[in-house]
Amino acid sequence: ATHACRAPALLDFLEQNEADTIYLVGDIIDFWDINRGGIWPQAHSDVVLALLGKMRRGTRLIFVPGNHDEGLRDYCGAFLPGIEIERECIHATADGRHLLVTHGDAFDVVVRYARWLALLGGHGNALARMLNTPLRWARRRFGFGLWSLSAFIKLKLKVKTAVNFIGAFESALVAEARRRGLDGVVCGHIHHAQCKVVDGIRYLNCGDWVESCTAVVEDDAGNLELIAWRQSVREEARPRWAPARLRKAA
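Residues numbered from 1 in each chain as written. Predicted model: local features only at pLDDT ≥ 70, side-chain atom pairs only at ≥ 80, totals over all residues. Heavy atoms only, no water.

A. Fine view of helix α3 (residues 42–56). Helix length check: α3, at 15 residues, gives a terminal C-alpha distance of 21 Å against a target of 21 Å (1.5 Å per residue), a fit within 8%. Among the residues of α3, those classed as buried are His-44, Val-47, Ala-50, Leu-51, Gly-53, Lys-54 and Met-55. Where α3 is buried, its residues touch α1 (7–16), β1 (21–24), β2 (60–63) and β4 (83–85). The positive-phi residue at the C-terminal boundary of α3 is Gly-58, with phi of around 110°. (Helix = DSSP H or I, 4+ residues; strand = E, 2+ residues; numbered from the N terminus. Expected span 1.5 Å × (residues − 1). Buried < 20%, exposed > 50% of the residue type's maximum accessible area, 1.4 Å probe, protein only. Contact = heavy atoms within 4.5 Å.)

B. Region of the structure containing the pattern of salt bridges. Within this structure, the stated rule accounts for 9 salt bridges. Across the pair Lys-54 and Glu-18 runs a salt bridge whose closest N-O atoms are separated by 3.2 Å. Taken together, the positions of Lys-54 in helix α3 and Glu-18 in the loop between α1 and β1 put the pair 36 residues apart, joining distant regions of the chain. Judged by its relative accessible area of 2%, Lys-54 falls in the buried class. (Salt bridge = Lys/Arg side-chain N within 4 Å of Asp/Glu carboxyl O.)

C. Spotlight on the packing of α1 against α3. Where α1 meets α3, the axes come as close as 9 Å, and the angle between the chain directions of the two elements is 20°. On the basis of the axis angle, α1 is roughly parallel to α3. Crossing of α1 over α3 shows left-handed handedness. Counting all contacts with α1, which are made through Ala-7, Pro-8, Leu-10, Leu-11 and Leu-14, the residues of α3 involved are Ala-43, His-44, Asp-46, Val-47, Ala-50, Leu-51 and Lys-54. (Axes fitted to C-alpha atoms, helices over the stretch in contact; angles between N-to-C directions. Parallel < 35°, antiparallel > 145°, perpendicular 65-115°, else oblique. Left-handed = near helix turned anticlockwise from the far one by under 90°.)

This is the structure in structure tokens:
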């Protein structure tokens, strides 16, 4: 629930795929953005209705609040009709592996110890995304190709910092999974979609539905995969992977 959320793509993803369990790994409702005058269009309601429809058909919904919807952590441990709210949980794959499912902000020192810096960063990213639309219009008007201001800022101004931060974040979560004797970790928070093995520990970051439109899925054999969803998939062949047991749908 943010200005930049690509809700139609998420809705398309939900309509075309079924799962035994759907994990919503935080930042589902961006209260930071709402406090800045965020909106709630019909597309967002359609996503909620799609999730509730899956719940009524037997899908287990597990919501792990993040830092942008941290107010809902007061309800962790509660069981609303069909929806479980947990601070974190353990997912068992079909082939017997165990994964920590957590939003991940507890491993981000910026959020833990300097929340005002995180808020400032959120404002900067929001401003860049707002400026993208008029800049794209102007470039089309004068015959230039597509270009993203927010992507440029991330790429040119914060590359070294971002790489160091992402690496430290991944290492911290991998270390935590190993400390608990688990096989891997599924997280979100930094919105950097990733699926890899680090020193024998599976690290999966499901990304987001603002820029990457990505989700982590598990097939019936326990195979884990990171997929990038595009609405054009509807006109193409069905996805090659089977209905997922593990999915981040936000």
